[in-house]
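The residues making up each chain are set out below.
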Amino acid sequence: MNHLRTLVENIKQPLQRQRLAHMQIQRSLAKSGQLTQMSPDAPTALTKTLNNSQGVCSICKGAGFLRRNVPFGHADFGKLVACRCKEQELKSKRRQQLAELSNLRIFAEKRFETFHSEVPGLQEAFQMVGEFAATPTGWLVLVGPNGCGKTHLAAALANACLENGAVVLFSTVPDLLDYLRATFAPTSDATYDQLFALMREAEMLVLDDLGTQQSSPWANEKLFQLLNHRYNAGVPTVITANPEGLRATDARIRSRLSDVRLVTTLTLEQAHDYRSLHTARG
Ligand SMILES: [Zn+2]
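Residues numbered from 1 in each chain as written. Predicted model: local features only at pLDDT ≥ 70, side-chain atom pairs only at ≥ 80, totals over all residues. Heavy atoms only, no water.

Describing the overall build of the protein chain
And step 1. If you tally the helices and strands in the protein chain, you get 11 helices and 8 strands.
And step 2. Of all 282 residues assigned to the protein chain, the portion counted as buried reaches 44%.
And step 3. A fraction of 77% describes how many contacts in the protein chain between residues 6 or more apart in sequence connect residues 24 or more apart.
And step 4. Summed over its atoms, the accessible surface of the protein chain is roughly 14,600 Å², and 53% of this surface lies on carbon and sulfur atoms. (Helix = DSSP H or I, 4+ residues; strand = E, 2+ residues; numbered from the N terminus. Buried < 20%, exposed > 50% of the residue type's maximum accessible area, 1.4 Å probe, protein only. Contact = heavy atoms within 4.5 Å. Areas by Shrake-Rupley, 256 points an atom, 1.4 Å probe, with all protein chains shown as cover.)

Focus on unusual backbone geometry
And step 1. For Asn103, which is not a glycine, the phi torsion comes out positive at approximately 50°.
And step 2. Mapping Asn103 onto the fold places it in the loop between α3 (84-102) and α4 (123-134).
And step 3. You can call Asn103 buried: its relative accessible area is 18%.
And step 4. With a phi close to 65°, Asp209 is a non-glycine residue in the positive phi region.
And step 5. By relative accessible area, which is 22% here, Asp209 ends up partly exposed.

Observations regarding the coordination of the zinc ion
And step 1. For the zinc ion, the protein coordination sphere consists of Cys57 (SG), Cys60 (SG), Cys83 (SG) and Cys85 (SG), at 2.3 to 2.4 Å.
And step 2. Coordination at the zinc ion comes from 4 donor atoms whose angles at the metal span 104 to 113°, giving a geometry best classed as tetrahedral.
And step 3. Counting residues between consecutive donors of the zinc ion along the chain gives the motif C-x2-C-x22-C-x1-C. Separated by 28 residues along the polypeptide, Cys57 in the loop between α2 (42-45) and β2 (65-68) and Cys85 in helix α3 bring together distant segments of the chain.
And step 4. Relative accessible area serves as the criterion here: at 5%, Cys57 is assigned to the buried category.
And step 5. Residue classification places Cys85 among the partly exposed positions, given a relative accessible area of 34%. (Donors = N, O, S within 2.8 Å, 3.2 Å for Na, K, Ca; no water. Tetrahedral: all angles 85-135°; square planar, octahedral: opposite > 155°, others 65-115°.)

What about the pattern of salt bridges?
And step 1. Across all of its chains, the model carries 13 salt bridges by this definition.
And step 2. Glu89 serves as the salt-bridge partner of Lys86, at 3.4 Å between the closest nitrogen and oxygen. Of this pair, Lys86 and Glu89 both sit in helix α3, 3 residues apart, which is roughly one turn of the helix.
And step 3. Given a relative accessible area of 17%, Lys86 falls into the buried group.
And step 4. Given the relative accessible area of 37%, Glu89 is considered partly exposed.
And step 5. Ionic pairing is found between Asp259 and Arg261, a salt bridge with its closest N-O pair at 2.9 Å.
And step 6. When its relative accessible area of 11% is taken as the criterion, Asp259 is described as buried.
And step 7. Among the charged side chains, a network of salt bridges with common partners joins Arg68, Asp76 and Lys79. (Salt bridge = Lys/Arg side-chain N within 4 Å of Asp/Glu carboxyl O.)

Here it is as structure tokens:
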């Protein structure tokens, strides 16, 4: 549990600092009248950041944030959005925060290059997961018995996407729910919301071992909210499960997973115990 506490603290502190910095910027800009208004579609209309001769962003005048130009009473009234010049910095922060949660260090050797694709029955899966990692679109579900190599493929995919610069979260389902539980306290609502938003908005979410989590109404609901959001948005998501775990999964999630318009399901056979093979050959 110490490890979990450290991880949550590592997430919490930068998030709180970000929020504080955000509030401070807002206050000082409001005072100086420097905060720039923009029309709601301005961020997408801009194709590049224009720097003036002093190297200061000419869109936000160096503030990093813009206030949405919407009438009083609008849901976004007074809300700050990141300027294009700030987006890259924020993205790299999200990447860092999720990388810490992902703990991919222990899966560092699980790469496509180290996968034993010569094992009978794994060639097709190896190729499909590799293609998915290169151009992630839709969802990919890897179903197979324990020890068939699906975690190696999922981790290899997460490592590849991370190296391609994406914001990636790789987690087992039980760990993911533990992180959420650890922040889900009356005193840390904001942190919970921010952590949940980070998970929801990750450019690539890889969930290992669906169905091995302890089932509870709270856990089922959180997992459903997370996956339903990503399902509706069609954001790249990869899930591994063994057949029993899949059968035990919340019916609402199973129904999302059976949508062939979005989801590709790959069934891995267990011709050999992939894990023992991998260990034996290093
Ligand atoms: Zn700017």
